[in-house]
Amino acid sequence: MAGLTQERVLEVLKQVKSPDGKSNIVDQDLVADLFVSECRVVFSIKVPAERASELEGLRQAAEKVVGVLPGAETVLVALTAEKQPGSPSTPPPAARKAPPKGAPLPAKQDVPGVKHIIAVASGKGGVGKSTTSANLALALSAMGLKVGLLDADIYGPSIPKLMGASGQPEVTENRIMKPLEAHGIKLMSIGFLVEEDTAMIWRGPMVVSALNQMLREVDWGELDTLIVDLPPGTGDVQLTMAQKVPLTGALVVSTPQDLALLDARRGIAMFEKVAIPVLGVVENMSHFICPDCGGTHEIFGHGGAKAEAEKMKVPFLGEVPLTMEIRQQSDSGVPITVSNPDSPIAKAYGVIAAGLWQGVMQPTGDAARSAPKIVVG
């Protein structure tokens, strides 16, 4: 019996007809980005952008034929929609108009068992968004909530490292993945499906398709909330997720300096355009606490995120300093809210989480706007 190899995968994929029905997806060179490792198979299928939605059945057929191969326990297939020469161009995300006020919004498919989905976003990378996502998920869990955490950063998945989780998801008979679990949080990340040093050279539509699978083809069970750690930025991936996923709201993470705040402003504006409530803003790395003298140093400035939140009329939920302990515990896979739950920093995350959840329970945002300011120093 042949082992699980790229050649074997391509051989069975010849059973899948091409969109024109004249050949198959392999002979027409539509299979790309094929990755095979141990029990995992990941690849994309190139299809015309204007036909991406109607060809979802093609993706499912490819996943099914590969899934019956011995040893293929996890199969992730995505459609990569590519614009064909001469086809009408699609306006970039920034140029797409928001639906007029009062107009019905496109229907969004719920995720079974998940009551609330909260996106954690940042206008730019390097502001500690993933660290914030992990600690807030743990803080919400400490409040007695059932919490899941989806790592939506395909290009730089960091949740497995932050949460100290490894391995690959178990797959049920109907091809549904079971999330991994760490510190009482259910987890899903592309980092569980590919090798750690694999470079994900995927285009936007393929990323969106993969994220949709990790969101909807996972047995999350009954969750009070699912935290989605979005990729940094405000590109097509973020906009598509905001339009297609039934988000309860979004949390924007920023550092205090002007450059980060400029990008955070764009993030807030993006969510407002697609009618997603901004539940709050968090100022991360608000100041540095010296481990030797205990003094505070405003390396990136201070208070900028709060001022920006007030200007944009969204709740400001609190600030978290930059400390050695946060970095050390994040690297160790045991976040500070678990390793030192009674520390001032863990308590800061706790109050921010409480303010966030208050905003979820009271959509008007009145309670969130009155949440106390948390300063650790």
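**Topic: the packing of helix 1 (residues 6-13) against helix 2 (residues 56-67)**
Here is step 1 of the chain: At a minimum axis separation of 9 Å, helix 1 and helix 2 run at an interaxial angle of 125°. Our classification of the angle between helix 1 and helix 2 gives oblique. The chirality of how helix 1 crosses helix 2 is right-handed. Seen from helix 1, the contacting residues are Val9, Val12 and Leu13; seen from helix 2, they are Ala62, Val65 and Val66.
Here is step 2 of the chain: Among the residues forming the contact of helix 1 with helix 2, the class breakdown is six nonpolar, no polar and no charged.

**Quick notes on unusual backbone geometry**
Here is step 1 of the chain: Its identity is not glycine, yet Asp29 carries a phi of approximately 60°, on the positive side.
Here is step 2 of the chain: As for its position among the elements, Asp29 is in the loop between helix 1 and strand 1 (31-37).
Here is step 3 of the chain: If you check the backbone angles, His183 has positive phi at about 55° while not being a glycine.
Here is step 4 of the chain: Here His183 shows up in the loop between strand 8 (180-182) and strand 9 (185-189).
Here is step 5 of the chain: Take His183: its relative accessible area is 34%, and that puts it in the partly exposed class.

**Here's the deal with the nonpolar core**
Here is step 1 of the chain: Counting residues in hydrophobic clusters, the biggest one holds 47 residues, and the most contacted among them are Trp220, Leu226 and Phe271.
Here is step 2 of the chain: At the level of secondary structure, the elements contributing two or more residues to this core comprise strand 4 (114-121), helix 5 (204-216), strand 10 (223-229), helix 6 (236-244), strand 11 (249-254), helix 7 (258-273), strand 12 (278-289) and helix 8 (304-312).
Here is step 3 of the chain: If you tally residues by element for this core, the top one is helix 5, at five residues.
Here is step 4 of the chain: Excluding anything up to four places from it in sequence, Leu226 contacts Val114, His116, Ile117, Ile118, Gly148, Leu149, Leu150, Leu215 and Trp220.
Here is step 5 of the chain: Ile159, Met163, Leu251 and Leu279 belong to the second-largest nonpolar core, a separate cluster that totals 37 residues.

**What about the side chain of Thr323?**
Here is step 1 of the chain: Here Thr323 lies in the loop between strand 14 (316-322) and helix 9 (324-332).
Here is step 2 of the chain: A distance of 3.2 Å separates a polar side-chain atom of Thr323 from the backbone nitrogen of Ile326.

**Description of the pattern of salt bridges**
Here is step 1 of the chain: Under the definition given, this model contains seven salt bridges.
Here is step 2 of the chain: Notably, a salt bridge pairs Arg59 with Glu217, separated by 3.0 Å at the nearest N-O pair. Of this pair, Arg59 sits in helix 2 while Glu217 sits in the loop between helix 5 and strand 10, and the two are 158 residues apart along the sequence. For the pair formed by Arg59 and Glu217, the shared burial category is buried.
Here is step 3 of the chain: Among the salt bridges present, the one from Asp229 reaches Lys129, with a minimum N-O distance of 2.8 Å. With Asp229 in strand 10 and Lys129 in helix 3 (residues 129-142), this residue pair connects regions lying 100 residues apart in the sequence. There is no split in this pair, since Asp229 and Lys129 are both buried.
Here is step 4 of the chain: Connected through shared salt-bridge partners, Glu56, Arg59, Glu63 and Glu217 make up one network.

**Focus: the pairing of strand 9**
Here is step 1 of the chain: For strand 9, the tally of buried residues reaches four of five residues, placing the bulk of the element in the interior.
Here is step 2 of the chain: Direction of pairing for strand 5 (residues 147-151) relative to strand 9: parallel, over a ladder of four bridges. Bridging from a neighbouring strand, Leu149 pairs with Leu187 of strand 9.
Here is step 3 of the chain: As paired elements, strand 8 and strand 9 share three bridges and run antiparallel to each other. Among the inter-strand pairings, Leu180 is bridged to a residue of strand 9, identified as Leu187.

**Focus: the confidence of the model for the protein**
Here is step 1 of the chain: Averaged over every residue, the pLDDT of the protein is 80; the share at 70 or more is 78%.
Here is step 2 of the chain: Contacts of residues 83-99 to residues separated by more than four positions or lying in other chains number 17 contacts, the stretch itself having pLDDT below 50.
Here is step 3 of the chain: When the criterion is pLDDT under 50, residues 365-377 qualifies, and its contacts beyond four places in sequence or with other chains add up to 30 contacts.

Thresholds, definitions, all that
Residues numbered from 1 in each chain as written. Predicted model: local features only at pLDDT ≥ 70, side-chain atom pairs only at ≥ 80, totals over all residues. Heavy atoms only, no water. Axes fitted to C-alpha atoms, helices over the stretch in contact; angles between N-to-C directions. Helix = DSSP H or I, 4+ residues; strand = E, 2+ residues; numbered from the N terminus. Parallel < 35°, antiparallel > 145°, perpendicular 65-115°, else oblique. Left-handed = near helix turned anticlockwise from the far one by under 90°. Contact = heavy atoms within 4.5 Å. Nonpolar A, V, L, I, M, F, W, Y, C, P; charged D, E, K, R; others polar. Buried < 20%, exposed > 50% of the residue type's maximum accessible area, 1.4 Å probe, protein only. Core = buried A, V, L, I, M, F, W, Y, C linked by side-chain atoms within 4.5 Å. Polar contact = N/O pair within 3.5 Å; in protein donor to acceptor, adjacent residues only side chain to side chain. Salt bridge = Lys/Arg side-chain N within 4 Å of Asp/Glu carboxyl O. Pairing = 2+ DSSP bridges. pLDDT = per-residue confidence, 0-100.

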